[in-house]
Amino acid sequence: MKHLIQLFTLFIAFGSYAQENLTYQQPPDEILELADVELAPGVQIDSKGEHMVLLYRDQYKSIAELSETELRLAGLRINPVTNIGSRTRYITNIKVKKTSDKDAKQVSGLPANARLSSFSWSPDESMIACLNTTASGVEVWVLHIAEAQATKLTKATVNANMGSTINWFKDNKNLLVKMLPSNRKPLIDSAIAVPTGPTVSVSDGSKAQNRTYQDLLKTPNDEFNFEQLALSEIKKVSINGTINDFLNPEMYRGISFSPDGNFVKVMKIKRPYSYLVTYTRFPNESIIYDMNGKTITTVNDVPLDEVRPKGFMATRKGKRGMSWRGDQPATLVWTEALDNGDPAIDVEFRDAVYELKAPFNGQPKQILKTKQRFGGIEWGNETTAIAYDYWRNTRNLKTYVFNPSNPKETPKVISDRNYQDNYSNPGNFVSSKNKYGQSTLEINGDKLYLMGDGYTKEGQFPFIDEYNIKSNKTKRLYQSEYKEKLESLNSAIDMKKGEILVRIESPTEYPNYYIRNINKKNNLIAITAFDNPFKSLEKINKRVISYKRDDGLGLEGTLYLPLDYEEGKKYPMILWAYPREYKDKSSASQSTTNPNKFVYPSWGSPIYWVTRGYVILDKAAFPIVGEGSDEPNDSFRTQLVANGKAAIDAVDELGYIDRNKVAVGGHSYGAFMTANLLSHSDLYAAGIARSGAYNRTLTPFGFQSEERSYWEAPEVYNNMSPFMHADKMKTPLLLIHGVADNNSGTYPLQSERYFNALKGLGATVRLVMLPKESHGYSAKESIMHMLWEQDEWLEKHVKNKNEEEEPITNDETKLKN
């Protein structure tokens, strides 16, 4: 009877929490001034570095846009009225300029109230095709770059629901476009439709250990609606506006032309569908057509991909990753698993790569076998290509140079490294456009070129190396020497001339683009001149601090002082972080934060609070390390608390903060981190957890970098789940979550149930559910309100925390079991 009374009392507690009828709020003026600014445009530049396209967009969507009709089917989010992804971010204006000109030209002829997306350059780079979304549908438009003129090609009858919507023919005069079929049937309104029977799912005994995907098909009505929205007919659309039939209605996914333009590979979805996985794993077949839409042959037929072996390195059987070989006119390449896709099987080679030349009726030729899981190929020419394989469990990445024409010739390993070891990263190979317009390796005799980020113990110094294939040696051609700025190497415009597109920035200098000639000293030509929109941060005090965890592991974070900082005064602090898993301490302790990076307060950033009198430690390192046979999560909680304590100790020793007034926060896995820190330490005055997962038993077949299932490691799942330790929560926690979160594992139920548990156990907690928002927030109203909520929470529970409480000192830190 006593237990029944306790359960009834708990039920009453769960059901009696207060709801606030609150309208959207605005943050304080200091924050609003930074959060509501006009963004500099996005930049696209042709491969020759001659023409630049400036793409302008609104920083945020509106809540009205997010409230437009949306269907969530098979992993897609679709507006069934306009037939495009309902979360698409749109460009609203375009300007163009030659890189040699000072000022940009406004493009004329753009649609009124433009909502542009899916930009696709023509093969000769004289035009860009794009989509424009109207109130009733999607149109195709084309931009003539030299003339700065845009024209409409189609009515609002395009089907952009499945992507790969517009593809250029090689003649620069025509496009393949997915259009709405004339035989599409009306959609079923599942909210009012009368069911014809139950939904039944079955298992034949095969293990289907899939992640917890969202927006899946759930009913026969969902299947019908998905099929209608996926159906397209493919039309040939000329740039003068004529439209001709090309392919009949089917559920088309990907469309790609052969490099020579004589063939087109089309992937289409087939039944049966799945209620366990997204559309990308539905049955599909790939068919080759000629330029008149005549069927040549079927080159791949993939069954439903619901059941795979266990592990991150598991894959499906059969042909996968089929694409065109970029250095050949019309050759297909693909990969097949030699271990049945099962990482538990011990084999000498995991994958094999095959090719098949046009007319695609011969025997496939094996050109490569990889010891680890195949990671991709960068094509060069008949005798030179670069291949990659990797193994996530060991963090190993190998790079090979091989001869595609002679499979008997053993590939040469040119790099064998831990891919989390940034100091050893040799960079990425430089590519250029070949005669087919495909990006392939820039080859000069026996020489290739590498472009790298250049992380070192002394700092970041991006570089360009010359790599000799025969000698396997590199020669440094250029290395950035900036110590108070950050130079990023974007792409090679002309390696022979030494012309490189670079971006240069500093903490208060907005990133701008330049053309640098590495063959000439101090030869730098500015091609953009964007102003810093965050004027109030121009005198911000920013630095990267390094410190050590109790076990000696090196850590770092980006420290910002309040704009009104006074020496000797103690300030409250916000610690913001995101945990990352490593298999070795050496990689985990590397410095990869550049103090010269521009200070950009994005929508989710804590940087806004330097205007409100807070010290900020942003992107604080929170490595979780498991070496050898130990997995990182075996000691997750211990390492998590140690990371937080080390960060607070480091800033406290600098004399900047009142360690009794420290808040911790994070988004997604950072929210999970926050809830754990508050549950298992007494280091913090308050926490902010956005869009997190708090009960790991609801993601039983793995999460983040954990590939063991709940039934293999129940103690890990339980120990890591803040929900299981809700009774330990004594620190005020602000929970924020998007009602329409579609991220695997972080469904809104996670925050709702965690709040119920905390409320029932007497914790100080506030739950804010943002209508219509997904995992990342996008509506202006939502983001401004989020900033207001966070500011109110910080002011009440951190800055103005009860002054009578005993301060937490370094020696008095308490750790909860």
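Residues numbered from 1 in each chain as written. Predicted model: local features only at pLDDT ≥ 70, side-chain atom pairs only at ≥ 80, totals over all residues. Heavy atoms only, no water.

Student: Go over the overall build of the chain, please, and point to the residues and values.
Tutor: Each helix and strand counted, the chain has ten helices and 49 strands in total. For 817 residues, the compact-globule estimate of 2.2 N^0.38 gives 28 Å, and the C-alpha radius of gyration of the chain, at 28 Å, lies within 12% of that figure. The dimensions of the chain, computed from C-alpha atoms along their principal axes, are 80 × 75 × 60 Å. Within the chain, buried positions represent 53% of all 817 residues. Summarising the internal contacts of the chain: among those between residues at least 6 apart in sequence, 59% fall at separations of at least 24. Carbon together with sulfur atoms contributes 48% to the accessible area of the chain, which is approximately 36600 Å² in total. (Helix = DSSP H or I, 4+ residues; strand = E, 2+ residues; numbered from the N terminus. Rg over C-alpha atoms; globule rule 2.2 N^0.38 Å. Buried < 20%, exposed > 50% of the residue type's maximum accessible area, 1.4 Å probe, protein only. Contact = heavy atoms within 4.5 Å. Areas by Shrake-Rupley, 256 points an atom, 1.4 Å probe, with all protein chains shown as cover.)

Student: Lay out the packing of aromatic side chains with the relevant residues and their values.
Tutor: The description of an aromatic ring pair uses the distance of the two centres, along with the angle that the planes make with each other. Counting across every chain of the model gives 27 aromatic pairs. Centre to centre, the rings of Phe226 and Tyr273 are 5.4 Å apart; their planes meet at 80 degrees, and the pair counts as edge-to-face. One end of the pair, Phe226, is in helix α4 (residues 220–230); the other, Tyr273, is in the loop between β17 (263–269) and β18 (284–290), and 47 residues separate them in sequence. A relative accessible area of 8% means that Tyr273 is categorised as buried. Joined through ring pairs, the aromatic side chains of Tyr510, Phe530, Phe534, Phe598 and Tyr600 make up one cluster. Lying across the ring of Phe312, Arg392 places its NZ or CZ 4.1 Å from the centre. Across from the ring centre of Phe672, 4.6 Å away, lies the NZ or CZ of Arg696, which sits over that ring. (Phe/Tyr/Trp six-rings, centres within 6.5 Å; stacked < 30°, edge-to-face > 60°. Lys NZ or Arg CZ within 6 Å of the ring centre and 35° of its normal.)

Student: Can you lay out the pattern of salt bridges for me, pointing to particular residues and giving the numbers?
Tutor: One pass over the structure, following the stated rule, counts 45 salt bridges. Note that Arg77 is salt-bridged to Asp215, the shortest N-O span being 2.6 Å. Here Arg77 is found in strand β4 (residues 76–79), whereas its partner Asp215 is found in the loop between β13 (174–179) and α4, with 138 residues between them in sequence. Exposure remark for Asp215: the relative accessible area of 10% places this residue in the buried category. With its nearest N and O atoms 3.1 Å apart, the salt bridge here joins Glu125 to Lys433. In this pair, Glu125 is assigned in the loop between β8 (116–121) and β9 (127–133) and Lys433 in strand β29 (residues 431–433), connecting sequence segments 308 residues apart. The exposure class of Lys433 is partly exposed, given its relative accessible area of 39%. A single network of salt bridges, built from pairs that share partners, joins Glu30, Arg612, Asp791, Glu795 and Lys799. (Salt bridge = Lys/Arg side-chain N within 4 Å of Asp/Glu carboxyl O.)

Student: Can you break down the pairing of β13 residue by residue, with the values?
Tutor: Among the six residues of β13, six are classified as buried, and the element is accordingly described as predominantly covered. Neither face of β13 is open: one carries Asn174, Leu176 and Lys178, the other Leu175, Val177 and Met179, and all of them are buried. Two strands pair when backbone bridges link them, and strand β12 (residues 166–168) and β13 are joined in this way by three bridges, in the antiparallel orientation. Bridge assignment links Asn167 to a residue of β13, and that residue is Leu176. Examined bridge by bridge, β13 and strand β14 (residues 232–238) share six bridges and lie antiparallel to one another. Of the residues in β14, the one forming a bridge with Met179 is Glu233. (Pairing = 2+ DSSP bridges.)

Student: Could you give an account of helix α10 (residues 780–799), with specific residues and numbers?
Tutor: Over its 20 residues, α10 runs 26 Å from end to end, which matches the ideal 28 Å to within 8%, given 1.5 Å per residue. Among the 20 residues of α10, 15 are classified as buried, and the element is accordingly described as predominantly covered. (Expected span 1.5 Å × (residues − 1).)

Student: Kindly report on the side chain of Glu795, identifying the contributing residues and their values.
Tutor: Note that Glu795 resides in helix α10. Of the residues examined, Glu795 reaches a relative accessible area of 17% and is grouped as buried. Side-chain polar atoms of Glu795 contact the side chain of Lys799, separated by 3.1 Å. Excluding its chain neighbours within four sequence positions, the residues that come into contact with Glu795 are Arg612, Tyr614 and Asn800. (Polar contact = N/O pair within 3.5 Å; in protein donor to acceptor, adjacent residues only side chain to side chain.)

Student: Can you explain unusual backbone geometry? Please cite residues and give values.
Tutor: The step from Arg271 to Pro272 runs through a cis peptide bond, and the omega angle for that step is 5 degrees. Summarising the element assignment, Pro272 is placed in the loop between β17 and β18. The peptide bond linking Ala358 to Pro359 adopts the cis configuration, its omega dihedral lying at 10 degrees. The topology assignment puts Pro359 in the loop between β22 (351–357) and β23 (365–370).

Student: How would you explain α4 if you had to name every residue and give the values?
Tutor: All of the buried residues in α4 are Asp222, Glu223, Asn225, Phe226, Gln228, Leu229 and Ala230. The secondary structure elements touched by the buried residues of α4 are β3 (71–73), β4, β14, β15 (243–250), β16 (252–257) and β17.

Student: Provide a residue-level description of the confidence of the model for the chain, including the pertinent values.
Tutor: Mean pLDDT over the chain works out to 94, with 96% of the residues at or above the 70 mark. Here residues 1–17 is a poorly scored stretch, pLDDT under 50, and it has nine contacts once near neighbours within four places are set aside; other chains count. Under a pLDDT of 50 for its full length, residues 804–814 has, in the predicted model, 20 contacts with residues more than four places off or in other chains. (pLDDT = per-residue confidence, 0-100.)

Student: Quick rundown of the sheet that holds strand β41 (residues 554–560)? Include the residues and the values.
Tutor: Each strand in a sheet pairs with its neighbour through backbone hydrogen bonds, running either in the same direction (parallel) or in the opposite one (antiparallel). The eight strands lie next to each other as β40-β41-β44-β42-β46-β47-β48-β49, forming an open sheet whose pairing is mixed. Each of the sheet's edge strands pairs with one partner strand only, and the pair in question is β40 (542–548) and β49 (765–770). Averaged over all neighbouring strand pairs, the angle between strand axes comes to 20 degrees, with direction disregarded. Examined bridge by bridge, strand β47 (residues 686–690) and strand β48 (residues 733–738) share four bridges and lie parallel to one another. From the neighbouring strand, Ala689 faces β48, where its bridge partner is Leu735. Relative to the sheet, helix α7 (residues 669–680) contacts β42 (571–577), β46 (657–667), β47 and β48, its axis offset from that of β46 by approximately 140 degrees. Taken strand by strand, helix α9 (residues 749–760) contacts β48 and β49, and its axis lies near 160 degrees from that of β49. (Axes fitted to C-alpha atoms, helices over the stretch in contact; angles between N-to-C directions.)

Student: Which residues make up the packing of helix α6 (residues 636–653) against α7, and what values do they have?
Tutor: Viewed as axis vectors pointing N to C, α6 and α7 meet at an angle of 85 degrees, and their least axial separation amounts to 10 Å. When the interaxial angle is binned, α6 and α7 end up roughly perpendicular. Of α7, the residues touching α6 (which contributes Phe636, Arg637, Leu640 and Val641) are Tyr669, Phe672, Met673, Asn676, Leu677 and His680. (Parallel < 35°, antiparallel > 145°, perpendicular 65-115°, else oblique.)

Student: Please provide a residue-by-residue account of the pairing of β9, values included.
Tutor: With respect to burial, β9 is a largely interior element, seven of its seven residues being buried. Covered by surrounding structure in β9 are Met127, Ala129, Leu131 and Thr133 together with Ile128, Cys130 and Asn132, the residues of both alternating faces. The pairing of β8 with β9 spans four bridges and is antiparallel. In the strand pairing of β9, Ser120 is matched with Ala129. Turn length for the β8-β9 hairpin, with the two strands adjacent in sequence and antiparallel, is five residues, and the turn residue Glu125 shows positive phi of about 60 degrees. In the sheet, β9 pairs with strand β10 (residues 138–144) via seven bridges, with the strands oriented antiparallel. Across the sheet, Ile128 pairs through a bridge with Leu143, a residue of β10.

Student: Just give me the short version of the sheet that holds β3, but keep the residues and values in it.
Tutor: Here three strands make up an open sheet; going across it, the order is β3-β4-β5 and the pairing antiparallel. The sheet is open, and its two edges are formed by β3 and β5 (84–85), each paired on a single side. Note: β4 against β5, two bridges, orientation antiparallel. If you follow Asn79 over to β5, its bridge partner there is Ile84. Relative to β3, α4 is tilted by about 100 degrees, and along the sheet it contacts β3 and β4.

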